[in-house]
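Fold and geometry: a report
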Amino acid sequence: MLELHSHTTCSDGSLTPTELVNFAAEQGVKALAITDHDTMAGWVEATEAARPFDLEIVPGLELSTVYNGRSLHILGFYPDPDRLAAPLQERVEGRKRRARKMADKLAELGYPIELLDMSSAMAPGRPHIATALRQAGHVSSHREAFDRFLKDDGPAYVPYEKFTAQEGIELLLSCGAVPVWAHPWIFRGGTVETVLPELIEAGLMGIEVYHPTHSVSQTRKLEEYCQAHNLLVTGGSDYHGPKKEKHPDFKDLNALALPLDLLTPIKLAASSLKEIYA
Ligand code: AMP
Ligand code: ZN
Ligand code: FE
Ligand code: FE
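Residues numbered from 1 in each chain as written. Chains lettered and ligands numbered in written order. Predicted model: local features only at pLDDT ≥ 70, side-chain atom pairs only at ≥ 80, totals over all residues. Heavy atoms only, no water.

Here strand E5 (residues 178-181) shows a buried face lined by Val178 and Val180 and a second buried face lined by Pro179 and Trp181. Two strands pair when backbone bridges link them, and E5 and strand E6 (residues 206-210) are joined in this way by 2 bridges, in the parallel orientation. Each bridged residue has a counterpart across the sheet, and for Val180 the counterpart in E6 is Gly206. A crossover links E5 with its parallel partner E6, the connecting element being helix H7 (residues 192-202), and its sense is right-handed. (Buried < 20%, exposed > 50% of the residue type's maximum accessible area, 1.4 Å probe, protein only. Helix = DSSP H or I, 4+ residues; strand = E, 2+ residues; numbered from the N terminus. Pairing = 2+ DSSP bridges. Right-handed = clockwise from strand over helix to strand, strands pointing away.)

Listed below in structure tokens is the structure:
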């Protein structure tokens, strides 16, 4: 019903926005957030593709920040694209520089790769490097590429260029976007208990409670945090495409079957932000 986390070929997903929307409609999704890494590039095509269906596109993105030297992802819903465009362009340029650094590290390790063409607006990420490693014959699967080289403490890992979680939250707020901590239990740079208060202090407004990698007890814990701190509850399958081999950790679209009503308070929060930051 509701899917608030998905990726397209504009970042590291394997379906184009149009293919993703067609599939979502087929799966019975009624509201779909396009949340590519550091880019809004998929929205226009997705919105156009959704026209024939009873399917609402929620404009969003997944911002990459650094906290304690590790990747911390923050979802932003309903940003003002005019305000966010320039700062995001800088983030995408940083991703391109980072991809080159990871390729350099791999070459030093004795595993040279052919980097993809990075002239377009696409936001390159580790899955693209994993594909290049496979194409070069250095690994036989994406899983192996991450396990041996690319995981957060792997030998070819390079963090995103300096951009703290607090800065990310402030940027989203100033662009009228509702900031939500994505998949908190995947974070490797500290415990959820200690990091959450700092993010709330910075202006965090919600938690991605429902995510395929969260266990039942982890999900319950996040529900409790949301109640205790009066935070918005979101969720999504973090869909990257149908290629299981490429995205083994992610479930199918609509697998969580989340209720549509979760979206209403998010919309309300976004409108009040627009008034505050007008
Ligand atoms: P990046 O934004 O470049 O740090 O890449 C993040 C993306 O890489 C995630 O959205 C996943 O698609 C994928 N990813 C991250 N960690 C892993 C892992 N340990 N195994 C497989 N895929 C991963
Ligand atoms: Zn991704
Ligand atoms: Fe993420
Ligand atoms: Fe994601």
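A few words now on the coordination of the iron ion (ligand 4). Within the protein, the iron ion (ligand 4) binds to His5 (NE2), His7 (NE2), Glu62 (OE) and Asp238 (OD); these donor distances fall in the range 2.1 to 2.3 Å. The site at the iron ion (ligand 4) holds 4 donor atoms, and with the angles between them running 75 to 161°, its shape is irregular. We note that the donor set of the iron ion (ligand 4) lies within a single chain, spaced as H-x1-H-x54-E-x175-D. A spacing of 4.4 Å is found between the iron ion (ligand 4) and the zinc ion (ligand 2). Of this pair, His7 sits in the loop between strand E1 (2-3) and helix H1 (17-26) while Asp238 sits in the loop between strand E7 (232-235) and helix H9 (263-276), placing them 231 residues apart in sequence. Considered together, His7 and Asp238 belong to a single accessibility category, that of buried residues. (Donors = N, O, S within 2.8 Å, 3.2 Å for Na, K, Ca; no water. Tetrahedral: all angles 85-135°; square planar, octahedral: opposite > 155°, others 65-115°.)

Moving on to the pattern of salt bridges. If you walk through the whole model with that rule in mind, you get 12 salt bridges. Arg83 is paired through a salt bridge with Asp80; the nearest N and O atoms lie 3.6 Å apart. A relative accessible area of 39% places Arg83 in the partly exposed class. Residue Asp80 is classed as partly exposed on the basis of its relative accessible area, which comes to 23%. A salt bridge links Arg97 to Glu161; its shortest N-O distance comes to 2.7 Å. Residue Arg97 is found in helix H3 (residues 81-108), and its partner Glu161 is found in the loop between helix H5 (142-150) and helix H6 (165-174); the two are separated by 64 residues along the sequence. Overall, the relative accessible area of 32% leaves Arg97 in the partly exposed class. (Salt bridge = Lys/Arg side-chain N within 4 Å of Asp/Glu carboxyl O.)

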